[in-house]
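# Results of the structural survey
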Amino acid sequence: MLPQIVNLFFPKSCVGCHSLLLQDESVICTLCRHEIPLTNHHKMENNEVVQKFYGRIPLVFGAALFYFHKKGIVQEMMHHLKYKGHQDISAMIGHWYAHELKDLALIKDIDYIIPVPLHKKRLRERGYNQVEGFGKALAENLKIPYNDILLQRKIYTKTQTKKTLLGRTEVADSIFDVSFSYAYHGKHFLLIDDVITTGSTLEACSRAILKIPNAKISIVCMAMSHS
């Protein structure tokens, strides 16, 4: 009863078009949901994510659920998630993508879901890691442990949005590390993040994880930047 009363006085709106959500809608309205550009990467062996990291890291699998376009619905969703406290967006996307990924045979080979970490200072500033809900929803649906302590961000950095690919890579290579025991040897790690742009952060995280003997890496993200 309480949620209905709250919704009556504080109705929720779609993060895409800002129209009021119907009772059976969550985060985005049905119309916006159908307009979101899907990549269908999980249906393609040599998709754009795999191609982006070719020659950079040895990916077992890579995919993103959405295409990220400037001024599009996905950009609006990511903005609300990262800067306006809408953590429910992260979980919603995780449940959505888990439904698409659950029947893939290679998913059953993954041992841990690892989020790209925030530095402790950034975590205090934002109050949450925007990929946590995404990762925990994947973990719940795919029955894979969520591990947010293996990979650490050692150095606090300011936003990289205006850096070049070379500049991003030089910074990212120095800020991630892993703390692991023998139990992690030979495991398959699914690294997750929100939006793939240059891929430099994910590459640096993967290099850190690959310090673990015989480790394998796959990458899944909410969205991928697309021109």
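Computed from a predicted model, the values in this text were never measured in an experiment.

### Re the confidence of the model for the protein
Model confidence for the protein is summarised by a mean pLDDT of 89, while 88% of its residues fall at 70 or above. Note on residues 1-9: pLDDT under 50 across the span, and 2 contacts to partners over four residues away in sequence or across chains.

### A closer look at the side chain of Ser218
Along the chain, Ser218 falls in strand 6 (residues 216-225). Taking relative accessible area as the criterion, Ser218 reaches 0% and is therefore assigned buried. A polar side-chain atom of Ser218 sits 3.2 Å from the main-chain amide nitrogen of Phe61. A polar side-chain atom of Ser218 sits 2.8 Å from a polar atom in the side chain of His188. When neighbours within four sequence positions are excluded, Ser218 is seen to be in contact with Leu59, Val60, Phe61, His188, Phe189, Leu190 and Leu191.

### Remarks on unusual backbone geometry
Of note in this structure, Val27 is not a glycine but carries a positive phi near 70 degrees. Within the secondary structure, Val27 is located in the loop between helix 1 (2-9) and helix 2 (30-35). Judged by its relative accessible area of 5%, Val27 is buried. In this structure, Lys143 takes a positive phi of about 60 degrees despite not being glycine. Tracing the chain through its elements places Lys143 in the loop between helix 7 (132-142) and strand 3 (151-153). Residue classification places Lys143 among the exposed positions, given a relative accessible area of 70%.

Conventions and cut-offs
The written sequence of each chain sets the order in which its residues are numbered from 1. Restriction of local features to residues with pLDDT of at least 70 applies here, the model being predicted, together with a cutoff of 80 or more for giving and counting side-chain atom pairs; totals for whole chains, interfaces and linings are based on all residues. With hydrogens and water excluded, all non-hydrogen atoms of the structure serve as input to the side-chain values. Per-residue confidence from the predictor is reported as pLDDT, which spans 0 to 100. The criterion used for residue contact is that any of the two residues' heavy atoms lie within 4.5 Å. A run of DSSP states H or I qualifies as a helix once it reaches four residues; a run of E qualifies as a strand once it reaches two. Both are numbered from the N-terminal end. The rule is simple: take the accessible area with a 1.4 Å probe, protein chains only, and divide by the maximum for that residue type; under 20% is buried, over 50% is exposed, in between is partly exposed. Polar contact is defined as a pair of N or O atoms within 3.5 Å, subject to the rule that within protein one atom must be able to donate a hydrogen and the other to accept it, and that residues adjacent in sequence are counted only when both atoms are side-chain atoms.

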